[in-house]
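# Coordinate analysis (summary)
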Amino acid sequence: LWQIADMERDGQELDLDATAEAMQPYLDAGLTTFDMADHYGSAEIITGRFRAKVAGDRVQLLTKWVPELGKNSKAQVRTAVQRALDRLQMKQIDLLQYHAWNYADARWLDDLFWLQELQEEGLIRHLGVTNFDAAHLNMVLQSGIKIVSNQISYSLIDQRGSAAMTDVCRRHGVKILAFGTLAGGLLSERWLGEPDRAADKMDTWSQMKYKRFIDQAGGWVPFQG
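Figured I'd write up the structure that's included with this text. Just so it is clear, the model here is predicted, and its values are computed rather than measured.

Looking at where Arg51 falls in the secondary structure, it is placed in helix 4 (residues 43–55). What makes Arg51 buried here is its relative accessible area of 18%. Ignoring sequence-local partners within four residues, the contact set of Arg51 consists of Gly56, Asp57, Val59, Leu61, Leu88, Gln89 and Met90.

Below, the structure written as structure tokens:
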């Protein structure tokens, strides 16, 4: 549900109930897992309404906590988890994924230990991470924190996860949740033969993001090939 943040940029307001109802076709098509984050605009609120009014336990909801840079207290970690629970209208988060900004400041490990305590209380079903590199994912696992997944970019134009990350995940039984597998739609026939565009001239935040990936991976001409 990253797209919600894009739809709400520049002060745009969504009808939360209508947007929740617009999730129904996905459920009808058999898509029952929805991924979001605390900073994806109203995504958690919208999905919570969809679950409460329509989907119930037929869906599993994955969210992320992306804390502000700096030290958090144990109370702040609990507040963040409770905020997600309230927005999602759930008593237990199916999967909470944690993002660390600065590995050099190892206080982010405290957050994960406190999240694990909240998991033991029953507020979190599974604990995951997002955008971790292989070395620091391994550090977390070696610290005794049970991580079930790492959500990372992984596609034909971004294969960083295919080496050390895959080795760590296989060794510890961690799943890779791949995002950007279709590069925001750029890896589709729709873009075949289209002229190059600067990243900041693309239509959505998603396209802007993955156009930068294409530029890093060699540019538009190799991408077209």
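There's plenty left to go through after this.
Under the definition given, this model contains 8 aromatic pairs. Relative to Trp108, the ring of Tyr103 has its centre 5.6 Å away and its plane inclined at 70°; by these criteria the two rings are edge-to-face. Residue Trp108 is classed as buried on the basis of its relative accessible area of 4%. Here the aromatic cluster, defined as three or more aromatic residues joined through ring pairs, consists of Tyr103, Trp108 and Phe132.

Before going further, it helps to examine the pairing of strand 2 (residues 60–65). Within strand 2, 5 of the 6 residues are buried, which leaves the element mostly enclosed by the surrounding structure. By the bridge criterion, 3 bridges tie strand 1 (residues 33–35) to strand 2 in an arrangement that is parallel. Across the sheet, residue Thr33 finds its bridge partner in strand 2, namely Gln60. Each parallel crossover has a hand, and the one from strand 1 via helix 4 to strand 2 is right-handed. Of the pairings in the sheet, the one linking strand 2 to strand 3 (residues 93–98) comprises 4 bridges and is parallel in character. Bridging from a neighbouring strand, Thr63 pairs with Leu96 of strand 3. A crossover connection joins strand 2 to the parallel strand 3 through helix 5 (residues 74–88); in handedness this β-α-β unit is right-handed.

Definitions and cut-offs
Note on numbering: residues in each chain are counted from 1, in written sequence order. Owing to the predicted nature of the model, reporting of local features is limited to residues with pLDDT of at least 70; listing and counting of side-chain atom pairs is limited to 80 or more, with chain, interface and lining totals taken over all residues. Processing note: side-chain calculations cover all non-hydrogen atoms of the structure and skip hydrogens and water entirely. Secondary structure elements are taken from DSSP: a helix is a run of H or I of four residues or more, a strand is a run of E of two residues or more, and numbering for both begins at the N terminus. Each residue gets one of three labels from its accessible area relative to the maximum for its type: buried under 20%, exposed over 50%, partly exposed in between, using a 1.4 Å probe on protein chains only. Pairs of residues are marked as contacts when any of their non-hydrogen atoms sit within 4.5 Å. What counts as a ring pair is set by centres within 6.5 Å for rings of Phe, Tyr and Trp (its six-membered ring), and what kind of pair is set by the plane angle: stacked under 30 degrees, edge-to-face over 60, tilted for all other angles. Here, strands pair whenever DSSP counts at least two bridges between them. Orienting the strands away from the viewer, one traces the path from the first strand over the helix to the second; a clockwise path indicates a right-handed crossover.

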